[in-house]
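# Structural overview for review
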Amino acid sequence: MSDQTATSPVTWHAWLTTTSPESRRQAKLGQLYRQWLAFRKNPAAVAGLVIVLALLLLAAFAPLIAPHDPLAQALDQRLLAPSAKHLFGTDALGRDIFSRIVYGTRVTLVIVMLVVITVGPLGLLIGCAAGYFGGWVDTVLMRITDVFLAFPRLVLALAFVAALGPGLENAVIAIAFTAWPPYARVARAETMIIRNADYISAMRLQGASQMRIVLKHVVPMCVPSLIVRTTYDMAGIIIIAAGLGFLGLGAQPPIPEWGAMISTGREQIFDQWWVATFPGIAICVVALGFNLLGDGLRDVLDAR
Amino acid sequence: MSTNSAINVDKLNVSFGDSHVVKDLSFAVEPGESYGIVGESGSGKSTVLRVLAGLNRDWSGEVDILGKRQPKVRDKAFYRAVQMVFQDPYGSLHPKKTVDDTLAEPLAIHGIRDAEAKISRAMQDVGLPTSFRFRYPHQLSGGQRQRVAIARALVLEPTILLLDEPTSALDVSIQAEVLNLLQALRHERKLTYILVSHDLAVVGHMCERLLVMQFGRGVEEMTAQTLAARAPQTAYAQQLLTASEGFRRAG
Amino acid sequence: MNATSEQALLTLDDLRVDFHTPTGIVNAVRGLSFTLGRERLGIVGESGSGKSMTGRAILDLIPHPGVVTAKRMEFRGKDLTTMDKASRRKLRGRHISMVMQDPKFSLNPVQTVGDQIAEAYRVHHKASAREAKERSLSMLEAVQIREPGRVYDLYPHEVSGGMGQRVMIAMMLIAEPEILIADEPTSALDVTVQLQVLKILDDLVTSRGMGLIFISHDLHLVKSFCDRVIVMYGGKAMETLPAGELDRAQHPYTRGLLGCLPDLDHPRETLATLNRDPAWLA
C-alpha cells in the first residue's frame, strides 16, 4: 500500500482480503475480517451481537442512561405503573425499575465475565493436558472432572453459597466451580483427535517439547470451540445467577440484580405485574442474545 | 551391511497390541542414496518410517542412523539430521499457522538465528513465491502445501529425508513438479532419501534401490534396473509389477 | 465419435453445472456433450476438472447452490431436464446407479452390509424381506464374495476395502440399472485388489449389457479398462477418443498429462511438467 493515509473502506477491504499479505499482522487481521464478513451474513447472529453490545453499552454508560438513582427509595411513589417518568414503573420501595435494570446490567456482566475468565482457560488447559498426555494424567484429571460433573449445577452452586455465605463474589465462585467440567471434556475430546494429526507429528519431528506442542499447537485448535461454548454458556450462567439471586443467595439487596428483583416482585405479580416482569424480560433478552451470538460464532469459527 | 551406512536397520519388530505389524525387518541405506520401500496397505512400510523418525516407541531391534545406535526417544540433535515429509498435504500443516510461522518454528526451537534469511531461502529453494509467505494453509493448493512441508523439512538442513508417500494425494501434473523438486534438492544437497510409496513407477523413477514389503516382512530387495527390466525374483514382487501395468481383459 | 442414437442410453448436450456462491459463480462443468451406449466410457481429469460433478449432475445429486442446465439430457429418449424431482428420484438406483470411491464413507456404518443391499432392492421393487434377502445373497455371490451368508451379517467396518467395494457394487446393481456411474471406484484400494474389483465390474457390465461411465484421475487405468475416453480440464472436454488411441492423443493437455507420468519403461532424469495454456480454458 503506497498510500498510507487513504483509509476509505475500499482500500481497507482490499488490504484485508488480499491473497498475498505482507506481514503476520495483515494475515491475522485479514482472517478476522473474513470471519466478520461471514458472520455479518447471518441476521440472527447480528441480532445477538447487537443485544450483547447493547448490554455492554448500558453497563458502561449506566450513570448517563439511567434517569434515576437505582438505590433511591421514595416511599410515596411505591408501585407506580409504567409512565413517562418511570419507564418501567417503580417497585415496592419506590425505586425506578428502569434505572435498576440499567444498573443491573453491570451486575450481570460482572458475574458472567468473572465466571468465564476463570472457567474457560482452566477447563481448556485441563482438557488439553488430559487429552494430549493420556495415561494416568488423563485418568486423574477426568475423574476429578467427573466428580464435579455429577452434581446438578444449581444444587452444587447452592451448596457452595450455603457454605461460603451469600454475596456476589461467592455466587461467582459457586457458579465457576460447576461450570468448568464441560469445557474440560470438550477440550479433551478435540485434543484426542488433534494429537494424531500429521502436523502434530511434524512438531515432534522438529524436536518441540511436549509443553510447546500443547500450548502453541493444540490449544489454539481448541480455542474456537471454546469461544463458541463460552458464549452459549453465558446464557446459562445468567440464568443460574438469576436463580441464585431469586433465592436470595446472590448479590444482596440493595444491589439491583435481576433475579433478586424478580424475587421481590413476585408478591405483586398479579396487580403490579411490571415489578417482576421487566427484569424477567431483561434476563430473557440477554440470554437469547448470547445464544444467538453463540450460534453465529459457531457457524463462523467451528463449522462442521 | 557396511558400517558406513547412513541407516542400518537390523531385525526390526513392531507390534501394536496384538498385531505384529513389522516382522524381523533388516535393510541398509548408503549415504546419498535414494532408497524406496514399496508395499500395499498393511505392509508396514509407513510404520518403518515412523520408527526411523522416532515417532513410534513400540519397537524392538537395532536402528543405527549416521553411525549411532538410536534409542526409542530421540533428542533435538537427531532432528537436525533427520526430517520427514508426510503424505497428506492437507493434514501436515497446522491450519492456524501461516507459512512463515510454520517455517520459523523449527528455527526457533533449535535457537537458530538469522531466521529471516533462512525462511526466504527455504521458500525460494522449493519454488514458492515470497508473496505466499503469510498465507494460511487453506489459501494454498495441495502442491503448494507439499512444497511448504518440504521447505519445513529442509530448513533445519538435515542429511536424511524420510518421505511418506509425498505425492500420493497430488494430481499427476503436480506430482511431476514435486518429484522433480525432490530430485533436484537431493542432488544439490547430497541428501539421503527413504521414499515410501505404493506406486512402483514413482519408486522406479526416484530410487536407486528398493525394498518390497508384504504383511510386515521384507520380501525382496532389488535395484531400479531390475524393476525396469521386470525381472523380480519373488512371486509377490512380480504380482505387484503386473498389477501396476493396468487392467488386462481376458480373451 | 458417438454411439448411434438408437443405441444411446444417455445423451448429453451442453451440460453446465454452475455454483452460485456468495463470492461469485463457479463454473464446475462448462458445456460438456457426449452420448453413452452399451460401452465403457471413461472420464479422466485432474481435481477440479468437473468429472465428478458430471456424474452427479446426471443423477440429480448436485447440492445447493449448484444449478444444472443442458440443451439436452436424455435417458433412453426421456428428457431429464423437464422431469420432475420425484421421477428423477425413481430413476436413481433403478435405471442409473452410482458407485463411489471409499466404502468406508459410502456404506452406512450402523447397518449390516446385507441389510443395505436388501434395502436397496426393496426401494425399487415390492418384495418381502425374505425375497430381498435371497436376492442380496445371490448378488453377493455375483460379486464373487465367498460365504455370502456370513458376509451378509457383517458391518462395514468388519470388511476389507476390496470387499466393501464389492458390496457397494452389489448394492448398486441389484436393481438392475441400465447405466452405472463409477466415481473413482478403485482409487482407495490396493493395486492388486483394484484389478479384482475391476474384473468383477467388467464382467457384470458386459453380461448385463450396461453402459458404464468410469470417472477417474488415473489415465493408465482408464486406458486399459475403458472403450472410449473423454479427457476433461477446467470443466470442459479437451478430447474424446478411443481408449486404445490414447498414446496417440492430439490435444496438448492429454499429451502433457501422459508425458508427466513416471514410466518404468522410459526412465528419465526429470519428468516433463505440464504447461497449462490458458487457451484451453476458453
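All values reported here derive from a predicted model rather than from experimental measurement.

### So, the interface of chain B and chain C
- Each side of the interface is counted separately: chain B has 29 residues, and chain C has 26 residues.
- Where chain B abuts chain C, roughly 2,500 Å² becomes buried across the two surfaces, and 58% of that area is made up of carbon and sulfur atoms.
- Applying the counting criterion to the chain B and chain C interface returns one salt bridge.
- Measuring nitrogen to oxygen at the nearest pair gives 3.0 Å for the salt bridge that ties B:Arg230 to C:Asp265.
- Taken together, chain B and chain C are joined by nine residue pairs in polar contact (both at pLDDT 80 or more).
- Within the residue set of the side of chain B that touches chain C, elements represented by two or more residues are helix H6 (172-189), helix H7 (200-206), helix H8 (224-228) and helix H9 (235-244) of chain B.
- For the side of chain B that touches chain C, the per-class residue count stands at 13 nonpolar, 11 polar and five charged.

### Some remarks on the sheet that holds strand S5 (residues 68-69) of chain B
All names here are of chain B.
- In spatial order, the strands read S2-S1-S4-S5; together these four strands make up an open sheet with antiparallel pairing. Each edge of the sheet is formed by a strand with only one pairing partner; in this case those strands are strand S2 (19-29) and S5.
- With seven bridges connecting them, strand S1 (residues 7-16) and S2 associate as antiparallel partners. Among the inter-strand pairings, Leu12 is bridged to a residue of S2, identified as Leu25.

### Describing the pairing of strand S9 (residues 211-216) of chain C
Residues and elements named next belong to chain C.
- Counting buried positions along S9 yields six of six residues, so the element is predominantly enclosed.
- A two-sided burial pattern is seen for S9, the buried positions comprising Gly211, Ile213 and Ile215 on one face and Leu212, Phe214 and Ser216 on the other.
- Both strand S3 (residues 40-44) and S9 contribute to a ladder of five bridges, which runs parallel. By the bridge assignment, Ile43 is partnered in S9 with Ile215.
- Here strand S8 (residues 179-183) pairs with S9 via five bridges, running parallel. Note that in S9 the partner of Leu180 across the bridge is Leu212.

### Quick word on the sheet that holds strand S9 (residues 209-214) of chain B
Residue and element names in this part refer to chain B.
- Across the sheet, which stays open at both edges, the six strands sit in the order S6-S7-S8-S3-S9-S10 with mixed pairing between neighbours. Each end of this open sheet is capped by a strand with a single partner; those strands are strand S6 (82-85) and strand S10 (217-223). Recorded for the sheet is a direction-independent mean angle of 20° between the axes of neighbouring strands.
- Summarising the sheet, strand S3 (residues 34-39) and strand S8 (residues 192-197) pair through five bridges and their orientation is parallel. From the neighbouring strand, Ser34 faces S8, where its bridge partner is Tyr193.

### Here's the deal with the interface of chain B and chain A
- Contact residues are listed per partner, giving 32 residues for chain B and 26 residues for chain A.
- Taking both sides of the interface into account, the surface hidden between chain B and chain A amounts to around 2,600 Å²; carbon and sulfur atoms contribute 55%.
- Salt-bridge contacts for A:Arg212 lead to B:Glu105; the nearest nitrogen and oxygen are separated by 2.7 Å.
- The interface formed by chain B and chain A contains 12 residue pairs in polar contact (both at pLDDT 80 or more).
- For the side of chain B that touches chain A, the secondary-structure elements that each account for two or more residues are helix H1 (45-53), helix H2 (76-81), S6 and helix H3 (99-109) of chain B.
- Per-element tally for the side of chain B that touches chain A: the top contributor is H3(B), with six residues.
- The residue inventory of the side of chain B that touches chain A, partitioned by class, reads 12 nonpolar, 10 polar and 10 charged.

### Brief notes about H1(B)
Residue and element names in this part refer to chain B.
- Across the nine residues of H1, seven count as buried, placing the element largely inside the fold.
- Considered for burial, the residues of H1 that qualify are Lys45, Thr47, Val48, Leu49, Val51, Leu52 and Ala53.
- Just downstream of H1 lies Gly54, where phi reads positive at about 80°.

### Focus on the packing of helix H11 (residues 210-246) of chain A against helix H13 (residues 274-301) of chain A
Residues and elements named next belong to chain A.
- At their nearest, the axes of H11 and H13 sit 8 Å apart, and the two run at 170° to each other. Between H11 and H13, the crossing angle belongs to the class labelled roughly antiparallel. Judged by residue contacts, Pro224, Ile227, Val228, Thr231, Tyr232, Met234, Ala235, Ile238, Ile239 and Ala242 of H11 engage Ile283, Val286, Ala287, Phe290, Asn291, Leu293, Gly294, Asp295, Leu297, Arg298 and Leu301 from H13.
- Residue composition of the contact of H11 with H13, by class: 16 nonpolar, three polar and two charged.

### A word on the packing of H11(A) against H3(B)
- Remark: H11(A) packs on H3(B), axes separated minimally by 14 Å, with the N-to-C direction vectors making an angle of 155°. One way to sum up the angle between H11(A) and H3(B) is to call them roughly antiparallel. Of the two possible hands of crossing, H11(A) and H3(B) adopt the one that is right-handed. Judged by residue contacts, A:Arg212, A:Lys216 and A:His217 of H11(A) engage B:Glu105, B:Ala108 and B:Ile109 from H3(B).
- Taken together, the residues of the contact of H11(A) with H3(B) sort by class into two nonpolar, one polar and three charged.

### What to know about the nonpolar core
- Formed by 113 residues in total, the largest nonpolar core has its most connected members in B:Ile150, B:Tyr193, B:Met206, C:Ile169, C:Leu180, C:Phe214 and C:Tyr253.
- For this core, the leading source of residues is helix H7 (residues 161-173) of chain C, giving eight residues.
- Excluding residues within four positions of it along the chain, B:Met206 makes contact with B:Ser34, B:Leu179, B:Leu182, B:Gln183, B:Arg186, B:Tyr193 and B:Leu195.
- Grouped together as the second largest cluster of nonpolar side chains are 70 residues, A:Ile97, A:Leu109, A:Cys128 and A:Ala184 included.

### Let's talk about the state of the cysteines
- Going through the model one piece at a time under the given rule, you end up with zero disulfides over all chains.
- Unpaired in terms of disulfides, C:Cys260 finds its nearest cysteine sulfur in B:Cys207, a separation of 19 Å.
- Judged by relative accessible area, which is 1%, C:Cys260 ranks as buried.

### Looking at the packing of aromatic side chains
- For the coordinates displayed, the defined rule picks out 16 aromatic pairs over all chains.
- Consider the rings of A:Tyr132 and A:Phe133, whose centres lie 5.5 Å apart with planes at 85°: the pair is edge-to-face.
- A relative accessible area of 37% means that A:Phe133 is categorised as partly exposed.
- Residues C:Tyr233 and C:Trp280 carry aromatic rings whose centres are separated by 5.7 Å and whose planes lie at 85° to one another, so their mutual orientation is edge-to-face. With a gap of 47 residues between them, C:Tyr233 in strand S10 (residues 228-233) and C:Trp280 in the segment after helix H10 (252-259) connect regions that are remote in the sequence. Taken individually, C:Tyr233 and C:Trp280 each receive the classification buried, so the pair is uniform in this respect.
- Each member of the aromatic cluster is reached from another via a ring pair, and the members are A:Phe88, A:Phe98, A:Trp273, A:Trp274 and A:Phe278.
- The cationic tip of B:Arg74 hangs over the ring face of B:Phe78; the distance from NZ or CZ to the ring centre is 4.8 Å.

### So, H11(A)
All names here are of chain A.
- Taking 1.5 Å of rise per residue, 37 residues should cover 54 Å, yet H11 covers just 47 Å from first to last C-alpha, more than 12% shy of that figure.
- Where H11 bends most, the angle comes to about 45°, and this point is Val219, followed within four residues by the proline Pro220.
- Looking one or two residues beyond H11, the residue adopting positive phi is Gly248, at roughly 80°.

### Quick word on the confidence of the model for chain B
- Here chain B averages 91 in pLDDT, and 98% of its residues register 70 or above.
- Predicted as a complex, the structure gets a pTM of 0.85 and an ipTM equal to 0.86.

### Side note on the pattern of salt bridges
- Evaluation of the coordinates by the stated rule reveals 43 salt bridges over all chains.
- Across the pair A:Asp91 and A:Arg95 runs a salt bridge whose closest N-O atoms are separated by 3.1 Å. Residue A:Asp91 shares its accessibility class with A:Arg95, and that shared class is buried.
- Sharing partners across several salt bridges, the network here consists of A:Arg24, B:Asp100, B:Asp101, B:Glu116 and B:Arg133.

Procedures and definitions
Residues numbered from 1 in each chain as written. Chains lettered and ligands numbered in written order. Predicted model: local features only at pLDDT ≥ 70, side-chain atom pairs only at ≥ 80, totals over all residues. Heavy atoms only, no water. Contact = heavy atoms within 4.5 Å. Buried area = accessible area lost by both parts, 1.4 Å probe. Salt bridge = Lys/Arg side-chain N within 4 Å of Asp/Glu carboxyl O. Polar contact = N/O pair within 3.5 Å; in protein donor to acceptor, adjacent residues only side chain to side chain. Helix = DSSP H or I, 4+ residues; strand = E, 2+ residues; numbered from the N terminus. Nonpolar A, V, L, I, M, F, W, Y, C, P; charged D, E, K, R; others polar. Pairing = 2+ DSSP bridges. Buried < 20%, exposed > 50% of the residue type's maximum accessible area, 1.4 Å probe, protein only. Axes fitted to C-alpha atoms, helices over the stretch in contact; angles between N-to-C directions. Parallel < 35°, antiparallel > 145°, perpendicular 65-115°, else oblique. Left-handed = near helix turned anticlockwise from the far one by under 90°. Core = buried A, V, L, I, M, F, W, Y, C linked by side-chain atoms within 4.5 Å. Disulfide = S-S within 2.5 Å. Phe/Tyr/Trp six-rings, centres within 6.5 Å; stacked < 30°, edge-to-face > 60°. Lys NZ or Arg CZ within 6 Å of the ring centre and 35° of its normal. Expected span 1.5 Å × (residues − 1). Bend = angle between axes of the 7 residues up to and from the residue. pLDDT = per-residue confidence, 0-100.

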